[in-house]
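# Coordinate analysis (summary)
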Amino acid sequence: AVVAPSDKSDDLWLLDIASGVMRQLTFSGVRGDPAWDPTGAKIAFSCGASGREGGICEVSPDNNIESRLIMPGASQPSYAPDGQSLAYILLEPETRTDVWSSALAPGAKPQLIRQSPAFDYSPKISPDGRFIAYGSAELGRPEVFVADYPMPKRRLQVSTGAGAQPSWDPQ
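These figures come from a predicted structure and were not determined experimentally. (Residues numbered from 1 in each chain as written. Predicted model: local features only at pLDDT ≥ 70, side-chain atom pairs only at ≥ 80, totals over all residues. Heavy atoms only, no water.)

### Observations regarding the side chain of Gln 76
You can see Gln 76 is positioned in strand E8 (residues 74–79). Judged by its relative accessible area of 18%, Gln 76 falls in the buried class. With residues near it in sequence (within four places) discarded, Gln 76 still touches Asp 33, Ser 46, Ala 87, Tyr 88, Ile 89, Tyr 121, Ser 122 and Pro 123. (Helix = DSSP H or I, 4+ residues; strand = E, 2+ residues; numbered from the N terminus. Buried < 20%, exposed > 50% of the residue type's maximum accessible area, 1.4 Å probe, protein only. Contact = heavy atoms within 4.5 Å.)

### Description of the sheet that holds strand E9 (residues 85–92)
Taking strand neighbours across the sheet as the criterion, the 4 strands line up as E8-E9-E10-E11 in an open arrangement whose pairing is antiparallel. The sheet is open, and its two borders are formed by E8 and strand E11 (111–114), each paired with just one other strand. Each strand axis lies, on average, 30° off the axis of its neighbour in the sheet, ignoring direction. Across 4 bridges, E8 lies against E9 in antiparallel orientation. Along E9, the bridge assignment pairs Tyr 79 with Leu 86. (Pairing = 2+ DSSP bridges. Axes fitted to C-alpha atoms, helices over the stretch in contact; angles between N-to-C directions.)

### Things to note about the environment of Pro 81
Tracing the backbone through its elements, the reader meets Pro 81 in the loop between E8 and E9. By relative accessible area, Pro 81 is classed as partly exposed at 34%. Those residues in contact with Pro 81, other than ones at most four positions away along the chain, are Pro 38, Ile 125, Ser 126, Pro 127, Asp 128 and Gly 129.

### Some thoughts on the state of the cysteines
By definition, a disulfide links two cysteine residues through a covalent bond between their sulfur atoms. Within this structure, the stated rule accounts for 1 disulfide. Paired by a disulfide, Cys 47 and Cys 57 hold their sulfur atoms 2.1 Å apart. Between Cys 47 and Cys 57, the disulfide has an S-S torsion of 70° and is therefore right-handed. Pair noted here: Cys 47 is in strand E5 (residues 43–47) and Cys 57 is in strand E6 (residues 55–59), with a separation of 10 residues, a long-range link. (Disulfide = S-S within 2.5 Å.)

### Re the sheet that holds strand E14 (residues 143–148)
A sheet is described by the order of its strands in space; here 4 strands give the open sequence E12-E13-E14-E15, paired in antiparallel fashion. Each having just a single partner strand, strand E12 (120–125) and strand E15 (155–157) make up the two edges of the open sheet. Here the strands of the sheet are splayed against their neighbours by 25° on average, with no regard to which way each runs. Pairing of E14 with E15, which is carried by 3 bridges, proceeds in the antiparallel orientation. Paired with Phe 145 across the strands is Gln 157, a residue of E15.

### Some points on unusual backbone geometry
For the bond running from Tyr 149 to Pro 150, omega is 10°, close enough to zero to count as cis. You can see Pro 150 is positioned in the loop between E14 and E15. For Asp 33, which is not glycine, the phi dihedral falls at a positive 65°. Its place among the elements puts Asp 33 in strand E4 (residues 30–36).

Structure, rendered in structure tokens:
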């Protein structure tokens, strides 16, 4: 899943790596950050304009469901390995952006993972679901941290001299 320009906006496209063929999945513009759910049945992405005007939407790569808003005001989704919860960021006026997590069940209560007076961004849940990596500018420069998940009891800075856009080895 990639974000690429279409006629009037950036949209979500599906790239078949074997054939090189791209197929457009959204047609009303996206902000980016595509994330596959663990089953491959859905792709979450940052949709809408910006900040609280948008959110996280989901779409089927098979085009059998229209994209739908699942998390208003949120962006930068990351599915847990069981597909039952999602980590994301929310824009907060006093603390800029904070890392949150929520079960995808109706009525689930969101849980704050990290809040600092600086920008916190790009949460990525580990393949085993025990940790979460994220970026933060709380030290005056972007760095990457890892914390316990879903309850962030401990955290560790894992980059030195700057870091951003964490990812996990699937093994």
